[in-house]
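Observations on the model geometry
So the chains spell out like this:
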Amino acid sequence: GLWRKPLNVPAHVRRYLQAAQQPLARGKLPGMRTAVLRKSAGKGGRLGSVREGLQLLVGLCMAWWRGDYRAIGTQALLSVVAALLYFLTPLDALPDWLLGIGLLDDLAVLTWVLRTWRGELDAYRSWRNVQAPEQLLLIEQVPAVEQLPK
């Protein structure tokens, strides 16, 4: 597969790195985007400082999916998708239904990706900042159903 093990991958995240190849190969990133935004909206203020980073990761995935931004390494992209998959999975290291603590592991994994791949994400942020606002809306929005791969 595409995945090579980088240093310091949390053990409970490794299986998500393998699983991250499927949404990339099958063009499923728009559906993931919708699910992540839906779940994050329901978490309100509990996402704290990770909310902006989560939005950056989602935007990066959509820009990559559309082919508008490809200046990211395979390892970084797989890590981003793996973190989003982890965030979406209700039964991970700390199940989401554990009130008060179920989101902690999700936040830890997202923070790990944001720190580990800071250089790649800063490059995307710089690219994003010079895009016209109307172009950025087109890049990061979910495509119409007829545009999705079958």
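Residues numbered from 1 in each chain as written. Predicted model: local features only at pLDDT ≥ 70, side-chain atom pairs only at ≥ 80, totals over all residues. Heavy atoms only, no water.

**What to know about the packing of aromatic side chains**
The test is simple: Centre distance within 6.5 Å is the pairing criterion for rings of Phe, Tyr and Trp, where only the six-membered ring of Trp is used; planes under 30 degrees apart are then read as stacked, over 60 as edge-to-face, and the remainder as tilted. Only DSSP runs of H or I reaching four residues or more are called helices, and only runs of E reaching two or more are called strands; each is numbered from the N terminus. Our definition puts a charge over a ring when NZ of Lys or CZ of Arg is within 6 Å of the ring centre and also within 35 degrees of the ring normal.
According to the stated counting rule, one finds four aromatic pairs in the structure shown. Between Tyr69 and Trp127, the aromatic rings sit 5.1 Å apart at their centres with planes inclined by 50 degrees, giving tilted as the arrangement. Here Trp127 lies in helix α7 (residues 118-129) and Tyr69 lies in the loop between α4 (50-66) and α5 (74-88), a separation of 58 residues in the sequence. Grouped by ring-pair contacts, the aromatic residues Tyr69, Tyr124 and Trp127 constitute a single cluster. Here the basic side chain of Lys39 rests over the ring of Phe87, its NZ or CZ set 4.7 Å away from the ring centre. Between the NZ or CZ atom of Arg70 and the centre of the ring of Trp64, over which it lies, the distance is 4.1 Å.

**Some points on the nonpolar core**
Here is the rule: Side-chain atoms within 4.5 Å link the members of a nonpolar core, which is a set of buried Ala, Val, Leu, Ile, Met, Phe, Trp, Tyr and Cys residues. Partly exposed describes any residue whose relative accessible area lies between the buried limit of under 20% and the exposed limit of over 50%, with all areas from a 1.4 Å probe on protein chains only and scaled to the type maximum. Whether two residues are in contact is decided by their heavy atoms: any pair within 4.5 Å suffices.
Membership of the largest hydrophobic core comes to 44 residues, with the highest contact counts inside it found for Leu29, Val80, Val81 and Leu84. Of all the elements in the fold, those that place two or more residues in this core are α1 (14-19), α3 (29-43), α4, α5, α6 (104-116) and α7. Contacts of Val80, omitting those with residues within four sequence positions, involve Leu57, Leu60, Cys61, Val113 and Leu121.

**What to know about α5**
Here is the rule: Given the number of residues in a helix, its expected span is that number minus one, multiplied by 1.5 Å.
For α5, with 15 residues, the first-to-last C-alpha span of 21 Å sits near the 21 Å given by 1.5 Å per residue. Among the 15 residues of α5, 13 are classified as buried, and the element is accordingly described as predominantly covered.

Any functional reading would require information beyond the geometric quantities listed.
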